[in-house]
Amino acid sequence: MKVLVIGSGGREHALVWKLLQSPRVEKVFCAPGNAGISEIAECINIKADDADALLNFVKYNWIDLTVVGPEVPLTAGIVDAFVREERRIFGPDKSGARLEGSKIFAKDFMRKNGIPTAEYRSFTSCRQAEEYVRLKGAPIVIKADGLAAGKGVIVAETVEEAIDALKMIMKDNAFGDAGKKVIVEQCLVGEEASFMILTDGKTVVPLATSQDHKRIFDGDKGPNTGGMGAYSPAPLVTKTLEKDIMRHIVGPLMKGLKRERINYRGVIYVGVMVCQGKPFVLEFNVRFGDPEAQPILARLDSDFFELLKATAEGRLKDVTVTWKDEASVCVVISSKGYPGEYSKGEKITGLDSFKNDKNAVVFHAGTSMKHGEIVTSGGRVLGVTALGQDIKTAKDNAYKAIEKIHFNGMHYRKDIADRAIKKQQ
Ligand code: AMP
Ligand code: GLY
């Protein structure tokens, strides 16, 4: 079978890596991919959001399954275009992708379906949003309605900060049309977890639990990023909490999708805030989390290709999912300056030593080839992922592996998974 993976980050490298472990997969293509992916798959020079060119590629190369990594092609309707042409594709159609593409849609959906989430109101007028902020006081959360590359949420500590955020989004159009509408939301205090499920619209298969570290600096300080590291399993998500999430969030979510006649086939990432032991939904994503996908896929024992194909074909009930008992930890290495302006083109050394490493695997995110060398080309550059008999051992393995890697300005957190280790002590 031939598979096409769409995207170019650490998540996509992990997807490609795991798919290639299936005995049924003979070849994987990736569009556009990165330097690390090109070592194990054939990268093709088509952008992730060029649905017409991707569909043509799939037709002419007899691709059996396409797997969409990022949210942008999903919200633009790539699945609808593929389904029209009877091509097998993993991911939700445009109607399902609204769960991530419009925060107002997602919040209204939660309210309608009784899914626990923070209190909120949506606004098209900046002045009215400001009035509401003054009424509610701080801390308070401001969210652009549409996709904003992970930058559209501001957790404001003061009323002034919240009003500045509203102006930046609604008046200065920092996120273009994505900021024409906003949500003003109650600030929840608790601990976050990432809970992902696979669904074909009928059957739900929960994936292993995970947590990521969003802030750039140790001690969860500094600005938010796409994620500086992640681990699986998440000790925060106990069996009881998992049952709660399935019953109070995933159950009503599936019922709501059915009621809205959304035939969802793909992964749903539920961003959960656990407040005094109870789960509340912060957001839905319609794709695998990044970096969470990296430690989760490192723990997957089942045939990933079969799992994705069965989801796309609506027969998820036929497959079983098993996980390794080991824990895994992924530490992200970023470029100097990220999540702000960062440098590019720095030569990366030490990657060759991982070719036969049994403990650790390096997933590439922002890397490319220049004159035969691997150089940095993005904010998040690499994700070093390691397994271990428990989280502490997996963490030690990941940090041992990192010592071999070098590039100018490399930054990584030294405390990934510490909060999980503390919980277990
Ligand atoms: P989102 O994209 O909606 O998950 O927001 C990104 C990040 O902002 C989340 O991972 C949280 O850290 C934070 N956040 C979002 N909504 C809230 C909220 N209501 N209360 C506190 N923090 C939030
Ligand atoms: N790591 C958070 C996300 O993928 O949205």
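Notes on the structure in this doc start here. No experiment lies behind these values; they were computed from the predicted model shown. (Residues numbered from 1 in each chain as written. Chains lettered and ligands numbered in written order. Predicted model: local features only at pLDDT ≥ 70, side-chain atom pairs only at ≥ 80, totals over all residues. Heavy atoms only, no water.)

Among the 15 residues in the neighbourhood of ligand 1, the closest are listed as Glu185, Gln186, Leu188, Glu192 and Glu283. Between ligand 1 and Lys103, the relevant distance is 3.4 Å, taken from an oxygen atom to a side-chain nitrogen or oxygen of the residue. Contacts to ligand 1 include Gln186, whose backbone N or O atom sits 2.9 Å from a nitrogen atom. Considering ligand 1 on its own, with 470 Å² of exposed area, one finds that the protein chains cover 89% of that surface. (Near = heavy atom within 4 Å. Polar contact = N/O pair within 3.5 Å; in protein donor to acceptor, adjacent residues only side chain to side chain. Areas by Shrake-Rupley, 256 points an atom, 1.4 Å probe, with all protein chains shown as cover.)

Another point: the site of ligand 2. Asp212, Gly226, Tyr269, Asn285, Arg287, Gly289, Asp290, Pro291 and Glu292 make up every residue found near ligand 2. With respect to ligand 2, the backbone of Asp290 contributes an N or O atom lying 2.9 Å from an oxygen atom. One of the side-chain N or O atoms of Glu292 is found 2.9 Å from a nitrogen atom in ligand 2. Considered on its own, ligand 2 offers 200 Å² of accessible surface; in the complex 90% of this is hidden by protein.

So, on to the packing of helix 5 (residues 94-101) against helix 6 (residues 103-112). Interhelical geometry of helix 5 versus helix 6 gives an angle of 95 degrees and a closest axis separation of 6 Å. Classified by the interaxial angle, the pair formed by helix 5 and helix 6 is roughly perpendicular. Residues Arg98, Leu99 and Gly101 of helix 5 form the contact with helix 6, whose participating residues are Lys103, Phe105, Ala106 and Phe109. For the contact of helix 5 with helix 6, the per-class residue count stands at 4 nonpolar, 1 polar and 2 charged. (Axes fitted to C-alpha atoms, helices over the stretch in contact; angles between N-to-C directions. Helix = DSSP H or I, 4+ residues; strand = E, 2+ residues; numbered from the N terminus. Parallel < 35°, antiparallel > 145°, perpendicular 65-115°, else oblique. Contact = heavy atoms within 4.5 Å. Nonpolar A, V, L, I, M, F, W, Y, C, P; charged D, E, K, R; others polar.)

Our focus in this paragraph is the packing of helix 7 (residues 126-136) against helix 8 (residues 159-170). Orientation of helix 7 relative to helix 8, taken along the N-to-C sense of each, is 165 degrees, at an axis distance of 10 Å. As the angle between them shows, helix 7 and helix 8 are arranged roughly antiparallel. The crossing of helix 7 and helix 8 is right-handed. For the pair helix 7 and helix 8, the contacting residues are Cys126, Ala129, Glu130, Val133 and Arg134 in the first and Val159, Ala162, Ile163, Leu166, Lys167 and Met170 in the second. Looking at the contact of helix 7 with helix 8 residue by residue, the classes come out as 8 nonpolar, no polar and 3 charged. (Left-handed = near helix turned anticlockwise from the far one by under 90°.)

Here the focus is the packing of aromatic side chains. Between two aromatic rings, the relevant description is the distance of the centres plus the angle of the planes. On inspection of all chains with the given rule, the structure shows 8 aromatic pairs. Between the aromatic rings of Trp17 and Phe363, the centroid separation amounts to 5.2 Å while the plane-to-plane angle is 75 degrees, which identifies the pairing as edge-to-face. Highlighted residues: Trp17 in helix 1 (residues 10-19) and Phe363 in strand 19 (residues 360-364), separated in sequence by 346 residues. Aromatic pair Tyr399 and Tyr412: ring centres 6.1 Å apart, planes at 40 degrees, arrangement tilted. Linking Tyr399 in helix 12 (residues 391-402) with Tyr412 in the loop between helix 12 and helix 13 (418-424), this pair joins segments that are 13 residues apart in sequence. Clustering of aromatic rings is evident, with ring pairs tying together Phe90, Phe288 and Phe304. Here the basic side chain of Lys404 rests over the ring of Phe354, its NZ or CZ set 4.8 Å away from the ring centre. (Phe/Tyr/Trp six-rings, centres within 6.5 Å; stacked < 30°, edge-to-face > 60°. Lys NZ or Arg CZ within 6 Å of the ring centre and 35° of its normal.)

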